[in-house]
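One-letter residues, chain by chain:
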Amino acid sequence: NMLRDYERDLLIDARHQGYGFENGRTITDFELLAKLQHHGAATRFIDVSRNMLVALWFACRSEPDVTGLLFGVNEWAILGLEGNSENSAYNDAFPPGEKIEHDIFPTIWQPPVVTKRIAAQSAQFLYSVVSHDRMGSLALSKESGAFIAFGITPRKKRQFLKMLEKTFDIRLLTLFPDFDGFSMANSANFSRYNNARY
């Protein structure tokens, strides 16, 4: 499996660079993948949020000139429990020759707070073995009500972003409360007063 080989190599390379430690402890393979994914590395993890308003902000912020989707998955169509740790080594969680079963559900995992971003974004991750379905690589149930998707036009994205930022203080600076986020929020892409709430 190409994805499995890629992710295993990514973990090896990241650990070699010293990124496998956080607060004086060695972090698990899942924690390291989560941290890598949050900082832009490609993994099988699908970033989700327990907070619908945060999810809406990301759906609106991404590709502002293209209609997007706010996607929700029903809790009965997901394996795993909120707050459970995932201490499996990568090779145990994704053994060689992994195969997709007919009625497989994705698994949800809530990482420990290894970065301020994960906490601020109420982050969780969905993952599964690789699906080759036309819906995408995440294995999702085909049962009625398993998931719901709302289309968001570019015009609605702009309206929602303004409301989320001004009313709920959901913005780049609050969702990325780290050095990278501060730098992004104060880049040449934004006006001098963009971070002011009022």
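Notes on the structure in this doc start here.

Parameters and conventions
- All residue numbers refer to position in the chain's written sequence, counted from 1.
- A pLDDT threshold of at least 70 governs which residues receive local features in this predicted model, and a stricter bar of 80 or more applies before side-chain atom pairs are shown or counted, although totals over entire chains, interfaces and linings include all residues.
- No hydrogens and no water enter the side-chain calculation; it runs on all heavy atoms of the structure.
- A run of DSSP states H or I qualifies as a helix once it reaches four residues; a run of E qualifies as a strand once it reaches two. Both are numbered from the N-terminal end.
- Working definition: with a 1.4 Å probe on protein chains only, accessible area under 20% of the residue-type maximum means buried, over 50% means exposed, and in between means partly exposed.
- In this description, contact between two residues means that some pair of their heavy atoms is separated by no more than 4.5 Å.
- Aromatic rings from Phe, Tyr and Trp, with only the six-membered ring used for Trp, were paired whenever their centres fell within 6.5 Å, and each pair was classed as stacked if the ring planes differed by under 30 degrees, edge-to-face if by over 60, and tilted otherwise.

1. Here's the deal with the environment of A34
Part 1 of the reasoning: With respect to the element layout, A34 can be found in helix α2 (residues 29-38).
Part 2 of the reasoning: Taking the relative accessible area as the measure of exposure, A34 reaches 0% and is therefore buried.
Part 3 of the reasoning: In this structure the C-alpha to C-alpha distance between A34 and F125, which are 91 residues apart in sequence, comes to 7.9 Å.
Part 4 of the reasoning: Dropping the residues within four chain positions of it, A34 is found in contact with F45, W109, P111 and F125.

2. Comments concerning the packing of aromatic side chains
Part 1 of the reasoning: This structure, assessed with the given rule, holds eleven aromatic pairs.
Part 2 of the reasoning: Residues F30 and F45 carry aromatic rings whose centres are separated by 5.7 Å and whose planes lie at 45° to one another, so their mutual orientation is tilted. Linking F30 in helix α2 with F45 in the loop between α2 and β3 (46-49), this pair joins segments that are 15 residues apart in sequence. The exposure classification of F30 matches that of F45, with both residues buried.
Part 3 of the reasoning: An aromatic cluster is present here, built from F30, F45, W109, F125 and Y127 joined pairwise through their rings.

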